[in-house]
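# Observations on the model geometry
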Amino acid sequence: DAGEGACREQGLTALDAKVGERVLEIGFGTGHALTSLSRAVGQTGRVYGIELSQGMLNVARSRVISAGGGNVALAIDDARALCFQNAVFDAVFMSFTLELFDLADIPIVLGEVSRVLRPAGRLGVVGMAQATPTNAMTEIYEWLHRHFPHFVDCRPIDVVGSLERAGFQITGDAAMLIWGLSVACAVGVPRSTRA
């Protein structure tokens, strides 16, 4: 089994942020991926991060400053209604974030991601995935989520299917395990071309 950090790193590798790119991370938490993305895009690139929690933003800001991430901008924002203009990002990244949204909100979030991505842009998602067949750990975790949602705030979702239904073509898909729970690492590009 891999840890959360190893899964996040695999997702970052699959996203393959390049020098000069503009990248958005949704739900950056304590900022580990932000520092990796900052190094990847270099001084000619820019990394933006949004989060709902001011506490997380404060921790991430300290981490980014310590790492010398002068090309990173952080804000409190809601992924269901992003504050960015259309087609401004080369890549968007989410790690253990998409499964935190209500199921009805996932298509809205992915629609917003598609809106802010440039036509050739890509989306990288690392998330708890529904396993087929399910295993005991997944069933226990889902039971805990149903009965104690304030403590177990996320649940496994159909990561790849969610992206495909939102109009993304999957270009990379890897499966991992954390404590017996399935994790998907998927990269997709918008199927439709926009002017």
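Structure: above.
Keep in mind the model is a prediction, meaning the values are calculated, not measured. Within each chain, residues carry numbers counting from 1 in the order of the written sequence. Reporting in this predicted model follows two pLDDT cut-offs: at least 70 for local features of residues, and 80 or more for side-chain atom pairs to be given and counted; totals over whole chains, interfaces and linings ignore these cut-offs and use all residues. Remark: hydrogens and water are excluded; side-chain values derive from all non-hydrogen atoms of the structure.

## Quick word on the nonpolar core
- To define a nonpolar core, start from buried Ala, Val, Leu, Ile, Met, Phe, Trp, Tyr and Cys residues and group those joined through side-chain atoms within 4.5 Å. The buried label applies to any residue whose accessible area, calculated with a 1.4 Å probe on protein chains only, is under 20% of its type's maximum; exposed applies above 50%, and partly exposed to all values in between. Membership of the largest hydrophobic core comes to 29 residues, with the highest contact counts inside it found for Leu24, Leu98 and Leu123.
- To qualify as a helix, a DSSP run of H or I must reach at least 4 residues; to qualify as a strand, a run of E must reach at least 2; elements of each kind are numbered from the N terminus. The set of elements that each furnish at least two residues to this core consists of strand S1 (22-26), strand S2 (46-51), strand S4 (89-95), helix H4 (106-116), strand S5 (117-128), helix H6 (159-165) and strand S7 (181-190).
- Considering every element that reaches this core, the biggest residue donor is H4, with 5 residues.
- Whether two residues are in contact is decided by their heavy atoms: any pair within 4.5 Å suffices. Setting aside anything within four residues of it in sequence, one finds Leu123 in contact with Leu15, Val92, Met94, Leu110, Val113, Leu117, Leu163, Phe168, Ala186, Val187 and Gly188.
- Judged by nonpolar contacts, the second largest core, of 25 residues, contains Cys7, Leu15, Val72 and Val183.

## Quick look at the environment of Leu57
- Locating Leu57 in the fold gives a position in helix H3 (residues 54-66).
- Each C-alpha atom, one on Leu57 and one on Thr30, is 7.1 Å from the other, the two residues being 27 residues apart in sequence.
- Ignoring any residue separated from it by four or fewer positions in sequence, one finds Leu57 in contact with Phe28, Glu51, Leu74, Ala75 and Ile76.

Any functional reading would require information beyond the geometric quantities listed.
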